[in-house]
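Read off the chains here:
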Amino acid sequence: MSTDNSSGNGRSHDVKRRRLLKIGGALGVGGAVGGTILTALFPRSAHTQARHHHRTPPQDNTAARWLTKFVDRLPIPNTITPSQTLNGVPFYDVRMRPLREKLHRDLPSTALWGYNGLYPAPTFEVRRGRPVAVKWENNLPGTHFLPIDPTIHGAEPPTPDVRTVVHLHGSKSMPDSDGYPEAWFTNGFRQTGPFFATQTYHYPNDQQATTLWYHDHALGITRLNVYAGLGGGLYLIRDDHEDSLGLPRGRYEIPLVIQDRFFNSDGSLLYPVQTPGDPDTRVPPIWIPEFFGDTVLVNGKVWPFLEVEPRKYRFRILNASNARFYRMTLQESADTGQLLGRPGPVFHQIGSDGGLLPAPVTRTQLLIAPAERQDIVIDFSGFKGKSFVLTNDAPAPFPDGADVVPPDIMVFKVNQPLQSQDTSRLPGTLNTVPLISPASAVQTRDLVLSELDSAPPFENPIMAMINDAHWDDPVTEDPKAGSVEIWRIINTTGDAHPIHIHLVQFQILDRQHFDITQYPPVVFDQPAQPPENNERPAWKDTVLSYPETVTRVIARYDLPPGANARRGQKFRYVYHCHILEHEENEMMRPYDVVG
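Keep in mind that this is a model prediction, so the values were computed, not measured.

Some words on the overall build of the chain
Summing up its helical and strand segments, the chain has four helices and 32 strands in all. For 595 residues, the compact-globule estimate of 2.2 N^0.38 gives 25 Å, and the C-alpha radius of gyration of the chain, at 23 Å, lies within 12% of that figure. Within the span of the chain, comprising 595 residues, buried residues form 62% of the whole. By sequence separation, contacts in the chain at least 24 residues apart represent 79% of the contacts at least 6 residues apart. Carbon and sulfur atoms provide 50% of the accessible area of the chain, an area that totals close to 21,000 Å².

The following block contains the structure:
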């Protein structure tokens, strides 16, 4: 940032200490089978009326006004295949290229960027314990078609406008293959960032069967590159145990990659910029604090439909939106999508970010934050001839903002004949998820989430931070390789933040509300709450941190196989809020795993 928020020893310590303490209670993520609405996680929170929320600059002339819902068939992303074998390892050459794609029947084609020139991005299918190599190539033009803010860290001149680096989200990989934000590269690798180390990434796949995903992570323009199309690619790790369960597979296993967008009437993407007029020069001139669009895409189509048979289906759901949470239910509808006032079938969640749950969890609602994955089974048996809308009612910002909320995501039409007997199963036991004992933790660290706004009446966002530290401040988190640590995420803001830690899959211990009027210090005013039944026992790499709440996670900071760490050797990773606009503007920090 410019002015007194720039990096370096001369930064104003008073500015670093300032934060807007957004005030309000946190909502829970209930909705077990039989529930009708989400219950309050902390029902006695007393400060809701004082909460202030930012809004996406309003857009009055978008194409959403005249687009008809549920007229386009849901696309299924292509499966990518290796181009060759390198030293006995499958080798993939993936090239990021411009493309044009028709995203709705009534929209002209949209200019996008895509992996191998495809949108939605192609899916990787790999096996546990069998490594692969991927060469990610940037074949993009030198000028971005979305608005760059040159005051955001990493985007200052003379940094090239278009640069990319790919992060395989949830992967246990070495730092040079993790997609570090400053390991970026331009077209033909002609320019590279200070942490760039290799053109070819190596993924050990030394993890249980799960749903990972890949997306751009270039410092300063991640939100723009993902919005342009460089996000939402699934990476499925499979193993023999998962194969033995008899879950729906083949054409009955379908990815659902959910994103929101604004479209101009000519089909082009619209990404808003900051409203001018605030006299505070620290307010970024272009960057906005969150993006909330008025249309929802699934697998790259706006409000699509999927025709299904009356049988069980497995859906790999990924929230690949920049900032939007989705709180989803199934509601019976006409085949046109008109709701009939009756609930649809339940969700049987079988997996989370890091793999299968111990047993299926049955829910009538699913809350999914940006970057989270949910592996679910829906049984359409007995619903022949019916249709169901996948609806959304999550406020934006979550949990109680007042920005635009598209109520519909897609529609399922149970209108296809049963091709053969459904022999798939929903086993009562899926997996073993051993819990990490808090007693084994050698250290507890605090990560304080805060936001800095300009003065009233504007109250425009300036930045979001973790521990009042900027991206380029010295590393303060340095767990020993193989050690267990508890990280307390202390959310002093009025919005929920999905916090992602690279390298590890962690476990959520609990959440506890504190009295914001007494902060600091943290003074708890309600008992600790256990995680939801689809969060523990479970492996997670992204956790929802509620307002005015301390969220505790525990992880073992193991390095990838073959690391051969020397004593004192440092391996650099990052953790950050996965609201892309937040991570772009200081709510992201490096950390070191130390040998």
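A short note on the sheet that holds strand 30 (residues 549-556)
The strand order across the open sheet built from five strands is 25-24-26-30-28, with neighbouring strands paired in mixed fashion. Two strands bound the open sheet, and with one partner strand each, they are strand 25 (461-466) and strand 28 (507-513). Each adjacent strand pair in this sheet contributes to an overall mean axis angle of 15°, direction not counted. Two strands pair when backbone bridges link them, and strand 24 (residues 443-453) and strand 26 (residues 484-491) are joined in this way by seven bridges, in the parallel orientation.

With respect to the sheet that holds strand 8 (residues 210-216)
As summarised here, the arrangement of the four strands in space is 4-9-8-6, forming an open sheet in which the pairing is mixed. Edge positions in the sheet fall to strand 4 (124-127) and strand 6 (166-169), since each of these pairs with one other strand and no more. For this sheet the average axis-to-axis angle between neighbouring strands, irrespective of direction, equals 25°. Here strand 8 runs beside strand 9 (residues 231-238); their pairing, made up of six bridges, is antiparallel. Following the sheet pairing, H215 is matched in strand 9 by G231.

Thoughts on the side chain of E584
Locating E584 in the fold gives a position in helix 4 (residues 580-584). At 2.7 Å, the side chain of E584 forms a polar contact with the side chain of R223.

Topic: the nonpolar core
In terms of nonpolar packing, the biggest core is built from 90 residues, with W136, F315 and F412 touching the most fellow members. The dominant element in this core, judged by the number of residues it contributes, is strand 10 (residues 253-263), at five residues. With near-sequence residues (within four places) excluded, F412 lies in contact with L256, L306, V308, F315, L330, F380, K386, S387, F388 and L390. Listed in part, the 37 residues of the second largest apolar core include A464, V543, M587 and Y591.

Overview of the pattern of salt bridges
One pass over the full model with this rule turns up 36 salt bridges. Two residues, E253 and R238, come together in a salt bridge whose shortest N-O distance is 2.9 Å. With E253 in strand 10 and R238 in strand 9, the pair connects residues that are 15 residues apart, well separated along the chain. For E253, a relative accessible area of 13% corresponds to the buried category. The shortest N-O distance in the salt bridge between D375 and R316 comes to 4.0 Å.

Points about the pairing of strand 23 (residues 408-413)
Burial of strand 23 is extensive: six of the six residues sit out of reach of the surface. When strand 14 (residues 305-307) meets strand 23, the two strands line up parallel, connected through three bridges. Bridged to E307 within strand 23 is K413. One ladder, built from five bridges, connects strand 22 (residues 387-392) with strand 23; its direction is antiparallel. Looking at the pairing, S387 lines up with K413 of strand 23.

With respect to the confidence of the model for the chain
Considering every residue of the chain, the mean pLDDT works out to 92; 91% of them sit at 70 or more. The model gives residues 1-50 a pLDDT under 50, and that stretch makes 148 contacts with residues more than four places away or in other chains.

Overview of the environment of L452
For L452, the position within the fold is in strand 24. Assessed through its relative accessible area of 2%, L452 is described here as buried.

Some details on the pairing of strand 8
Consecutive side chains along a regular strand alternate between the two faces of the sheet. Counting buried positions along strand 8 gives seven out of seven residues, so the element sits mostly inside the fold. Neither face of strand 8 is open: one carries T210, L212, Y214 and D216, the other T211, W213 and H215, and all of them are buried. Looking at chain direction, strand 6 and strand 8 are connected through four bridges and run antiparallel. Of the residues in strand 8, the one forming a bridge with L168 is Y214.

Topic: the packing of aromatic side chains
Summed over the entire model, instances satisfying the criterion amount to 33 aromatic pairs. For the pair Y252 and Y313, a centre-to-centre distance of 5.3 Å together with 80° between the ring planes defines the contact as edge-to-face. Here Y252, found in the loop between helix 3 (240-244) and strand 10, pairs with Y313, found in strand 15 (residues 312-319); they are 61 residues apart in sequence, far enough to count as distant. Take Y252 and Y313: they sit in the same class, and that class is buried. Aromatic side chains F262 and F291 sit 5.4 Å apart centroid to centroid with 85° between the ring planes, which places their arrangement in the edge-to-face category. Here F291 lies in the loop between strand 11 (269-270) and strand 12 (295-298) and F262 lies in strand 10, a separation of 29 residues in the sequence. Of the two residues, F262 and F291, neither departs from the other in class, the shared state being buried.

Observations concerning the side chain of R282
Positionally, R282 belongs in the loop between strand 11 and strand 12. Exposure remark for R282: the relative accessible area of 10% places this residue in the buried category. Within the structure, R282 has its side chain in polar contact with the side chain of D280 (distance 2.8 Å).

Notes on unusual backbone geometry
Here the amide bond leading from A396 into P397 is cis, since omega sits at -10°, within 30 degrees of zero. With respect to the element layout, P397 can be found in the loop between strand 22 and strand 23. The amide bond that connects P520 to the next residue, P521, takes the cis arrangement and shows omega of 10°. Counting through the fold element by element, P521 comes out in the loop between strand 28 and strand 29 (542-545).

Basis of the calculations
Within each chain, residues carry numbers counting from 1 in the order of the written sequence. The model is predicted, so local features are restricted to residues of pLDDT at least 70 and side-chain atom pairs to those at 80 or more, both for listing and for counting; the totals for chains, interfaces and linings are taken over all residues. Here the side-chain values reflect all heavy atoms present in the structure, with hydrogen atoms and water set aside. In DSSP terms, a helix is any run of H or I states spanning at least four residues, a strand is any run of E spanning at least two, and both are numbered starting from the N terminus. Based on C-alpha atoms, the radius of gyration is set beside the globule rule, defined as 2.2 Å times the residue count to the power 0.38. Three labels apply to residues, based on accessible area from a 1.4 Å probe with only protein chains included: buried if under 20% of the type maximum, exposed if over 50%, partly exposed otherwise in between. Contacts are residue-level and defined by heavy atoms, with any inter-residue pair within 4.5 Å sufficient. Methods summary: accessible areas were calculated by the Shrake-Rupley approach with a probe of 1.4 Å, and residue burial reflects only the protein chains presented. By definition, two strands form a pair when at least two bridges between them are found by DSSP. Note on geometry: axes are C-alpha line fits, over the in-contact stretch for helices, and angles between N-to-C directions span 0 to 180 degrees. In the analysis that follows, any N or O atom pair within 3.5 Å is treated as a polar contact, provided that within protein one partner can donate a hydrogen and the other can accept it, and provided that, for residues neighboring in sequence, both atoms belong to side chains. Side-chain atoms within 4.5 Å link the members of a nonpolar core, which is a set of buried Ala, Val, Leu, Ile, Met, Phe, Trp, Tyr and Cys residues. In what follows, salt bridge is the name for a side-chain nitrogen of Lys or Arg lying within 4 Å of a carboxyl oxygen of Asp or Glu. How sure the predictor is of each residue is captured by pLDDT, a score from 0 to 100. To pair, rings of Phe, Tyr and Trp, with the six-membered ring standing in for Trp, must have centres within 6.5 Å; the planes then decide the type, stacked if under 30 degrees apart, edge-to-face if over 60, and tilted in the middle.

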